[in-house]
Amino acid sequence: MDDQAIISVKDQVSAEEWKARCDLAALYRLVRMHGWDDLFFTHISMRVPGPDEHFLLNPFGLLYEDVTASNLVKVDLDGNVLPPSQYGINPAGFTIHSAIHAARHDVAVALHLHSDAGVAVAAQKGGLRPISQLAMNVFNDVSYHDYEGIALESEEKERLVADLGDKNLMILRSHGTLSVGDHPFSAYIRIYLLERACKIQVMAQAGGALIEWDETMQDRVFGQSGEISSNEFFKEIAWAAILDRVRRESPGFDV
């Protein structure tokens, strides 16, 4: 993308949308930095601030280290690209993210992964188990959605949002993980905790008998950790620190 194209995108959108674009591009770079990317087959969306039901998605076919604020694609809930773009979007990504943004107006960001550990736990009948502090940080906030094949059918939207309910994390059976949040940091820290919990679970299952904590302990740890993703001041300073890391390790996302 040449300099003129970069300037034109920034000039054509509001300051609020440009900030959202930079935050979303940073999330794509973070996913790559963690090794959670699956070429370009997973997806993260961010609602565009304002009265219109528009959200941003990655340009399908670009690797996450190449996603920038300018090349993100804006779509409406019907899948129309606004304005027309040289890039397309992942149809399965649109199905999942349009359903969530239409049903959950509290959600600014939805983040979906196909990591090895996440899919491994998604393939287990018992799903996530309360065997670690990391798991119990999020255990009470995890929902489940049964596998229906690649998410291309619009009829699945109703079942997906019903299964998500008012929770902020989902394990899609045999498919992967998903988090939502009202702020980029909220969605990121939730998926970070869930992904680490899944990795620890898979590692622990290679050893002896597992310790599973009861509901009393689950509730205690979940309550203790709740402020991580809900405190407004903490979200802002933590996200600023994470953006600084992305600028150091994956520069160029905010152009």
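**Q** How do you make sense of the pattern of salt bridges when you look at a structure like this?
**A** Pairing is possible between side chains that carry opposite charge, provided their charged atoms lie close to one another. Summed over all chains, the structure comprises 15 salt bridges. The shortest N-O distance in the salt bridge between Arg190 and Asp141 comes to 4.0 Å. Separated by 49 residues along the polypeptide, Arg190 in helix α7 (residues 184-204) and Asp141 in the loop between α5 (133-138) and β5 (142-145) bring together distant segments of the chain. Residue Arg190 shares its accessibility class with Asp141, and that shared class is buried. A salt bridge links Glu148 to Arg159, with the shortest nitrogen-to-oxygen separation between them at 2.8 Å.

**Q** Would you mind going over the nonpolar core with me for this structure?
**A** For soluble globular proteins, nonpolar side chains are generally found buried alongside one another. By size, the foremost hydrophobic cluster in this structure holds 52 residues, and its most contacted members are Leu24, Leu27, Tyr28, Ile44, Leu128 and Trp239. When residues in this core are grouped by element, the largest group, nine residues, is from α7. Dropping the residues within four chain positions of it, Tyr28 is found in contact with His43, Ile44, Leu57, Asn58, Tyr64, Val67 and Leu72. In this structure, Ile96, Val107, Met170 and Val180 belong to the second largest nonpolar core, which totals 12 residues.

**Q** Honestly, the packing of helix α2 (residues 15-34) against helix α10 (residues 232-249) in this entry has me stumped. Any pointers?
**A** The packing of two helices is summarised by the inter-axis angle and the distance between the axes. In contact at an axis separation of 10 Å, α2 and α10 are set at 65° when each is read in the N-to-C sense. Classified by the interaxial angle, the pair formed by α2 and α10 is roughly perpendicular. Judged by the sense of rotation from one axis to the other, the crossing of α2 with α10 is left-handed. Judged by residue contacts, Asp23, Ala26, Leu27, Arg29, Leu30 and Met33 of α2 engage Trp239, Ile242, Leu243, Arg245, Val246 and Glu249 from α10. The class makeup of the residues in the contact of α2 with α10 is eight nonpolar, no polar and four charged.

**Q** Please explain a nonpolar patch on the surface as it appears in this structure.
**A** On the surface, Ile228, Phe233, Phe234 and Ile237 cluster together into a nonpolar patch covering about 370 Å² of accessible area. When residues of the nonpolar patch are assigned to their parent elements, the largest contribution, three residues, is made by α10. By secondary structure assignment, the location of Phe233 is in helix α10.

**Q** Explain the side chain of Glu17 here, please?
**A** Mapped onto the elements of the fold, Glu17 is located in helix α2. According to the relative accessible area criterion, Glu17 is buried, its value standing at 5%. Among the polar contacts listed, one links the side chain of Glu17 to the side chain of Lys74, at a separation of 3.0 Å. Not counting residues within four places of it along the chain, the set of residues in contact with Glu17 comprises Val48, Pro49, Leu56 and Lys74.

**Q** Would you take a moment to explain the pairing of strand β1 (residues 43-47) for this structure?
**A** Across the five residues of β1, five count as buried, placing the element largely inside the fold. By the alternation rule, side chains of β1 split into His43, Ser45 and Arg47 and Ile44 and Met46, which are all buried. Pairing between β1 and strand β4 (residues 109-113): four bridges, direction antiparallel. Bridged to His43 within β4 is His112. Where β1 meets strand β2 (residues 54-57), two bridges bridge the pair, whose relative direction is antiparallel. Within the sheet, the bridge partner assigned to Met46 lies in β2 and is Leu56. What sits between the antiparallel neighbours β1 and β2 is a turn of six residues, in which Gly50 has the positive phi angle 130°.

Calculation notes
- Residues numbered from 1 in each chain as written.
- Predicted model: local features only at pLDDT ≥ 70, side-chain atom pairs only at ≥ 80, totals over all residues.
- Heavy atoms only, no water.
- Salt bridge = Lys/Arg side-chain N within 4 Å of Asp/Glu carboxyl O.
- Helix = DSSP H or I, 4+ residues; strand = E, 2+ residues; numbered from the N terminus.
- Buried < 20%, exposed > 50% of the residue type's maximum accessible area, 1.4 Å probe, protein only.
- Core = buried A, V, L, I, M, F, W, Y, C linked by side-chain atoms within 4.5 Å.
- Contact = heavy atoms within 4.5 Å.
- Axes fitted to C-alpha atoms, helices over the stretch in contact; angles between N-to-C directions.
- Parallel < 35°, antiparallel > 145°, perpendicular 65-115°, else oblique.
- Left-handed = near helix turned anticlockwise from the far one by under 90°.
- Nonpolar A, V, L, I, M, F, W, Y, C, P; charged D, E, K, R; others polar.
- Patch = residues over 30% accessible without salt bridge, like charges linked within 9 Å, V, L, I, M, F, W, Y side chains within 5 Å.
- Areas by Shrake-Rupley, 256 points an atom, 1.4 Å probe, with all protein chains shown as cover.
- Polar contact = N/O pair within 3.5 Å; in protein donor to acceptor, adjacent residues only side chain to side chain.
- Pairing = 2+ DSSP bridges.

Keep in mind that these numbers describe shape and distance, not what the molecule does.
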